[in-house]
Amino acid sequence: MKAIINRILNSEFLTFNEVLRLKVAIVTVFLFVFVFLSIPLSNFNDFTFNINIVVPAVFSLLLIFTLLLMLFNLNRWAMHLSIITISLLTAYYVGGSNHFYGYMLFFVTLTVIIFYQDVITYLLYGGAITAYGVFYIIENGASIVGINSTGVEMSSITYQIILVGFYLVFLVQFIISDSIYEKMNNEWVRMNKVLEKYQDFSLEFLIEIADEKEQDLIYKNHKFQQTVSEISVFINEFFEEDGDNIAEFVEFYFFLHDQNLEEIITDKTVSALTRKYSIEFQKYLLNTRSELVSILFNFSTLFQKDDEYEEKRYEYDLDKLFTNKIDKLLSLAILYKYLKTEITQYDKWGKIEKVLSHEEITELFVSKEFREFISFEQVNFYLDNQELFDKYL
Amino acid sequence: MKQETNKYQFAQLEIYKESLELAHLKRKTKIFMSLVFILAGIVLYFLLQISASNDTVISIMTMFLVLLAINVAFYSYDDDLYNNLKIAMYISTLGVYVIAVSLILQFQSPSIFTSLFLAYAITSIFQEYKTMILSNFALFISGILLVLRFPEIFQIVGTNESQTFFILVFLIIFVLLLTLSSYILIKRKTFFYNQLADIKESEVRNMELLLEIENIKTNSHLDVKEYYETLNKFSVELSKKIGIENVFQRKIELLKDLKNKKIDDILLKYTEYNIDEINEIKYMELEVRKKMIMIGIKASKSHGIEVSRKEIFSESQFKSFKHFGDAHYVKIISFVVFYTLLKLDKPYLPALEEERVKDILLNSEYFYRIDREIIDVYLENNMVFDTIVKDHMKGGR
């Protein structure tokens, strides 16, 4: 239980799959409560004694099956099964007797589906449950009319409108939240790729620095390899009796640095295990801008000095950065000059030695993605005067 | 060990996050107002259908109008809009429940009791921590009080069985489930605001890092003097071509002065510009400020980047040492390589002391990038790790 609470408290750091697993675990706990409650509630049911015994037993089995699916990491299937279980429970509760608390289960079921935050699942299961709820009210609405109600029809319509309203409002919430989430995610992934490009260049410079100093690259250093091996063995001893097994994998990891990884991964004659580990290690190699290298660069930025925040700190659009027309043109000229003078590109041998030519800059300026930096007005100005840009900058 | 997860968060994050949130908050407020408007229409229709008294219609409709008016008022007041909208959000949350409870007390039927759930749904549009707490609390308290104080609301025609206990239990479960659901959802949304703000700052810092490494490699800096001279020539020719006075020259002169002169002296010398204009011109200064260089770096690297939908929701986008499906050995080795690298001198980052490494790994987001079992082993045995590194790397690489 403590582990579940901890995971809830730190749920933002979990991967999608881990979050789904956590959600299924929480729903399963609640479902156990409902199944447990169905036993005393069977007194109110119109079902036979046998059904009142068999049904909770079947539900318990469904829940155990859900847990098994989770155990095998089939979390998506477990999610579907948990939704089906709560839907069946709802049908059982409202089918056996006509009580208001049974009707409340329609809302609980919708909440469970909402909990999973999957728009398609909500549309399908949520839509079906809402439709069933409306059908139930049309058929049995008279049996849950309050003594103070103004009439069966009004009571029935109120029930239906609120249930459908609940479904629709959450659907709106889903759509908003999905669009915000997708937009943020899209920008985040895009920015991640831009960051990777900076890091590609940083790594290339570092390799060139090592080359010039005739220094061994770190992954070729024996002391470094031994250190990694020994610490890995030490950690592994906490998980395996024979902790030394990992040493071979450390060796394999360093060996991969001198290999053509794509060849190993695509070579069908190589054992499946070797290919599996090659794919997994690919993310952490040191001779390329891997995930590990990115994490290391990002980590090092923690030690940079903290500049004061200003409103336009993350603004790169010259049109938004400057309000004055002259400033906009002057900054455009500086940008052009930077791109034409400074080495910012790989040459054909993969070295960072190239500057952009006038033609390449023009191509960039007119491209759609460059609207992130300059406006149409600026592009038009540039096109009208490009010979001056080319000649004097 | 007590964690301080924000200890190593970039200082610039909070302010930028606020601006990100504000855009979404404005949109949510508009949607909330639309929903309240629709709800008011439906309630009015019902009141007219059941021929409710004028007093009832007027009092309930007034509540809706007041709620809408409050939102419009806060939305229109431009000064500190972020906090205004937050206040409007809290008032709206309570307001919706007040209307729902008023309707329940007015009509006292189980069907109208479910309007509490609808109130919850409407307030969930905001997806914000305090609103969530307020809404869950309001739902729980109003639900419990209504069930306990007004059990007759739930009396069904033709049955005398008491349902109070089960309604109460179901209500508690319902609220608990909703609370957990919104808690996890909001946490993840907040995390995304954080991530986005973080990556913006990270971009600036990665560009600075690139510049730093490039300077180590090339041992050269931007030839600022040459930049200004070229700009001068360019501006002369440009002014000639378009037939205007050279309006650029004075600004280029100002750019040169920005490096050495204090702002007061600048204001005295360039009386034609006010402080706001000078602050804007500062972005073009190349020696002290790096804004234009950053724009140049970003502009030179941002082309040809495409994002597919598959990538948007892929967990592989999160860089970590604990990818789902990776072998345990891979998780261990990748972390160890990372840890060992932190302990070594690099051109861009000196070797870190053990205490520092441990503190960062414990109190930053990096804690969550490492497999939990592995980081636990490290945190409990970090001195062993340190000793191994020192033993092997003695005398340098």
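Treat the numbers as computed from the prediction; the structure is a model and nothing was measured.

This part covers the overall build of chain A. For chain A, the helix and strand inventory stands at 17 helices and 2 strands. Over its C-alpha atoms chain A spans a radius of gyration of 31 Å, topping by over 25% the 21 Å that the globule rule assigns to 393 residues. Considering only C-alpha atoms, chain A reaches an extent of 90 × 65 × 45 Å along its principal axes. Expressed as a percentage of its 393 residues, the buried residues of chain A come to 56%. A separation of at least 24 residues holds for 59% of the contacts in chain A among residues at least 6 apart in sequence. Summed over its atoms, the accessible surface of chain A is roughly 17,600 Å², and 59% of this surface lies on carbon and sulfur atoms. Charge-centre separation for chain A: the mean point of 31 positive side chains lies 4 Å from the mean point of 52 negative side chains.

Attention shifts here to the confidence of the model for chain A. Taken residue by residue, chain A gives an average pLDDT of 90. The fraction at 70 or more is 96%. Confidence, expressed as mean pLDDT per element, reaches its minimum in chain A at helix α1 (residues 2–9) of chain A with 76 and its maximum at helix α12 (residues 291–300) of chain A with 97.

Next up on the list: the interface of chain B and chain A. Across the contact, 176 residues belong to chain B and 174 residues belong to chain A. For the pair chain B and chain A, the summed buried surface comes to about 17,800 Å²; carbon and sulfur atoms form 72% of the total. Among the residues chain B hides against chain A, the three largest losses belong to B:F170, B:K319 and B:Y329. Together they make up 5% of the total. On the surface where chain B and chain A come into contact, there are 12 salt bridges. Its salt-bridge partner being B:K200, residue A:E187 comes within 2.8 Å of it at the nearest N-O pair. A total of 39 residues in the side of chain B that touches chain A trace back to one element, the largest contributor, which is helix α7 (residues 164–218) of chain B. Class assignment of the residues belonging to the side of chain B that touches chain A gives a composition of 103 nonpolar, 35 polar and 38 charged.

Before going further, it helps to examine a negative patch on the surface. Together, A:E237, A:E241, A:D242 and A:D244 make up a region of like negative charge exposed at the surface. With respect to the element layout, A:D244 can be found in the loop between α8 (222–236) and α9 (245–256).

Here helix α7 (residues 152–212) of chain A crosses helix α5 (residues 115–123) of chain B at 10°, and the two axes come no closer than 9 Å. Taken together, the axis directions place α7(A) and α5(B) in an arrangement best described as roughly parallel. Between α7(A) and α5(B), the residues in contact are A:I162, A:G165, A:F166, A:V169 and A:F170 and B:S115, B:F117, B:L118, B:Y120, B:A121 and B:I122, respectively.

For the coordinates displayed, the defined rule picks out 67 aromatic pairs over all chains. Summarising the aromatic geometry, the rings of B:Y45 and B:F46 are spaced 6.0 Å apart at their centres and angled 90° between planes, so their arrangement reads as edge-to-face. Here B:F46 falls in the buried class, since its relative accessible area comes to 14%. Seen from the ring of A:F115, A:K23 lies directly overhead, with NZ or CZ sitting 5.8 Å from the centre. Between the NZ or CZ atom of B:R369 and the centre of the ring of B:Y366, over which it lies, the distance is 5.0 Å.

Definitions and cut-offs
- Each chain has its residues counted from 1, following the order in which its sequence is written.
- Chains and ligands are labelled sequentially in the order written, the chains with letters from A and the ligands with numbers from 1.
- Predicted model: local features are reported for residues with pLDDT of at least 70 only, side-chain atom pairs are reported and counted for 80 or more only, and whole-chain, interface and lining totals are derived from all residues.
- Note: side-chain values were computed over all heavy atoms of the structure, leaving out hydrogens and water.
- Per the convention used, a helix needs a DSSP run of H or I reaching at least four residues, while a strand needs a run of E reaching at least two, with both numbered from the N terminus.
- Taken over C-alpha atoms, the radius of gyration is set against a globule rule of 2.2 Å times the number of residues to the power 0.38.
- Each residue's exposure class comes from its accessible area (1.4 Å probe, protein chains only) as a fraction of the maximum for that residue type: buried when under 20%, exposed when over 50%, partly exposed otherwise.
- Every residue pair with non-hydrogen atoms within 4.5 Å of one another is taken to be in contact.
- Computed with the Shrake-Rupley method and a 1.4 Å probe, the accessible areas treat only the protein chains shown as cover for residues.
- In this tally Asp and Glu are treated as negative and Lys and Arg as positive; neither His nor the chain ends contributes.
- One atom stands in for each charge, and that atom is NZ of Lys, CZ of Arg, CG of Asp or CD of Glu.
- The score called pLDDT rates the predictor's confidence residue by residue, from a low of 0 to a high of 100.
- Here the quantity called buried area is the total loss of accessible area, with a 1.4 Å probe, experienced by two parts when brought into contact, counted for both.
- Salt-bridge detection follows one rule: a side-chain nitrogen of Lys or Arg within 4 Å of a carboxyl oxygen of Asp or Glu.
- Polar here means any residue outside two lists: the nonpolar Ala, Val, Leu, Ile, Met, Phe, Trp, Tyr, Cys and Pro, and the charged Asp, Glu, Lys and Arg; Gly therefore counts as polar.
- Residues forming no salt bridge and having over 30% relative accessible area are the ones grouped into patches, like charges within 9 Å of each other and nonpolar side chains (Val, Leu, Ile, Met, Phe, Trp, Tyr) within 5 Å.
- The axes used here are C-alpha line fits, helices contributing only the stretch in contact, and every angle between their N-to-C directions lies in the interval 0 to 180 degrees.
- Roughly parallel means an angle under 35 degrees; roughly antiparallel means over 145; roughly perpendicular covers 65 to 115; every other angle is labelled oblique.
- For Phe, Tyr and Trp, where Trp contributes only its six-membered ring, two rings pair if their centres lie within 6.5 Å, and the inter-plane angle classes them as stacked under 30 degrees, edge-to-face over 60, or tilted in between.
- Put simply, a charge is over a ring when the Lys NZ or the Arg CZ is close to the ring centre, within 6 Å, and near the line of the ring normal, within 35 degrees.

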